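Observations on the three-dimensional arrangement
If you want the building blocks of each chain, they are given just below.
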Amino acid sequence: MRKLLTAGIAGISAFVAVVFLSGYGYIFKALAINLKKGPFTPSIDDEEKFPSRIIRNRHPKRWKKHISYNKKELSARVLEELKKTRASSLLVLHDGKLLHEEYWKDHDVSSLMNSFSMAKGVLSVLTGCAIDDGYIESENQLISTVFPQYQNSRFGKYLTFKHLMTMQAGLDWEEEYHHPFAENSRQYFVDDLASQAFGIDFKEMPGEKYEYQSVAAQLLGLALREATGKDLAAYLSEKIWQPLGMESHAKWSVDEKGVEKAFCCIHAVTRDFAKLGQFIMQKGEWEGKQLISKEYCEKLLSPTKENDAFCYTIWADDENDYRCRFFYGFLGQFIIMIPEKKMVIVKTGFYNRLDVDKKKRPLQVKLLVEELTKLV
């Protein structure tokens, strides 16, 4: 028995050593974090799992309620879909007022919930702010002007801010969420995001092909930090959270070096996600002030030639009765903007098997638009 025990311990020790030497030590960090603080897989409730920077609000302004606030019942189709996909919140704005608001699974109006990849759209918004502020010349500025190491790269010397926002970076990265050894899994738990991002090489010329890659967003976040000289959370607070009078502070998860997880992980209340959607739908105007140039916001919401379902890290659907734009995050997080109906829909949840169309757009967005526009 003692020999078997000794052999077992030796085997486990050898396995652990191989995992660390192979660069997968983050898996043990993931196990430690999740066994202590929650489910093993990523969750909308990951706010306390990682260190973070505060996105401070100032002089909060609450939404006014619509005359029909929570007076109209949701359709059976919507309720069934929300139950199936483990929704945690649903909020509908009409003409800048709260029309419907509902929470589930121990969440409420004060719950900070994980944006996941909706944060990528926020990065594109911040890029517009940086252009307006003169930190960046335009979205066509080369990344090599910020990170000179790319000047010596065959393909990297052509990389621009726009390429990172439109997912046309040409990086040697496979977007994969389904096993713990994938780069995306490493990205979620790694201690040094910059080291990982700068270690990814190029496989083709930027600007020639659409390929969704979370590392492109992380590079964009790093470039914004370098260009502005500010933490992303501080810049987001300065340019968006405070001017819009967000109802609550938010948090942006960071790695062990204090660098924001730019590809994901802004934790905010549903009402403030809705305010962000209303602001972008109004093309950067808020209470009579143009906080981001209208010209940039129009680019932000315009589909690319390479993929007519994708804009500047914001998704597009012009093929249904009501055209919409939407922020889209892992596990079914959405900020949906429907200009024709003056509506914004925010839905958060915890479901990673959403059906998608041929352009990788979740069919749930189409369902929500079809059903919830009937409320007005």
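Only a predicted model underlies this, so the values are computations on that prediction, with no experimental measurement involved.

1. Remarks on the state of the cysteines
Applying the stated rule across the entire model yields one disulfide. Put simply, cysteine 264 and cysteine 265 are joined by a disulfide, and their sulfur atoms are 1.9 Å apart. With the S-S bond torsion at -70°, the cross-link from cysteine 264 to cysteine 265 turns out left-handed. For the residue pair cysteine 264 and cysteine 265, the accessibility class agrees, reading buried in each case. Sulfur of cysteine 297: no disulfide; nearest cysteine sulfur belongs to cysteine 129 and is 8.4 Å away. When its relative accessible area of 0% is taken as the criterion, cysteine 297 is described as buried.

2. Some remarks on helix H12 (residues 363-372)
In terms of burial, H12 is a largely internal element, seven of the 10 residues being buried. Taken together, the buried positions of H12 are occupied by Gln364, Val365, Leu367, Leu368, Val369, Glu371 and Leu372. Lining the buried residues of H12 we find helix H3 (76-84), strand E2 (87-94), strand E10 (324-329), strand E11 (333-338) and strand E12 (343-349).

3. With respect to the sheet that holds strand E3 (residues 97-103)
Taken together, six strands build an open sheet; the order of strands is E3-E2-E12-E11-E10-E9 and the sheet is antiparallel. Here the strands that pair on one side only, and so sit at the sheet edges, are E3 and strand E9 (315-317). For this sheet, the mean inter-axis angle between neighbouring strands, taken without regard to orientation, is 15°. Sheet analysis places E2 next to E12, joined by seven bridges and oriented antiparallel. Along E12, the bridge assignment pairs leucine 93 with valine 344. Packing against the sheet, helix H4 (residues 118-132) makes contact with E10 and E11, and its axis sits at approximately 120° to E10. On the sheet, helix H10 (residues 270-281) packs against E2, E3, E10, E11 and E12 and is oriented at approximately 145° with respect to E12.

How each quantity is defined
- Residues numbered from 1 in each chain as written.
- Predicted model: local features only at pLDDT ≥ 70, side-chain atom pairs only at ≥ 80, totals over all residues.
- Heavy atoms only, no water.
- Disulfide = S-S within 2.5 Å.
- Buried < 20%, exposed > 50% of the residue type's maximum accessible area, 1.4 Å probe, protein only.
- Helix = DSSP H or I, 4+ residues; strand = E, 2+ residues; numbered from the N terminus.
- Contact = heavy atoms within 4.5 Å.
- Pairing = 2+ DSSP bridges.
- Axes fitted to C-alpha atoms, helices over the stretch in contact; angles between N-to-C directions.

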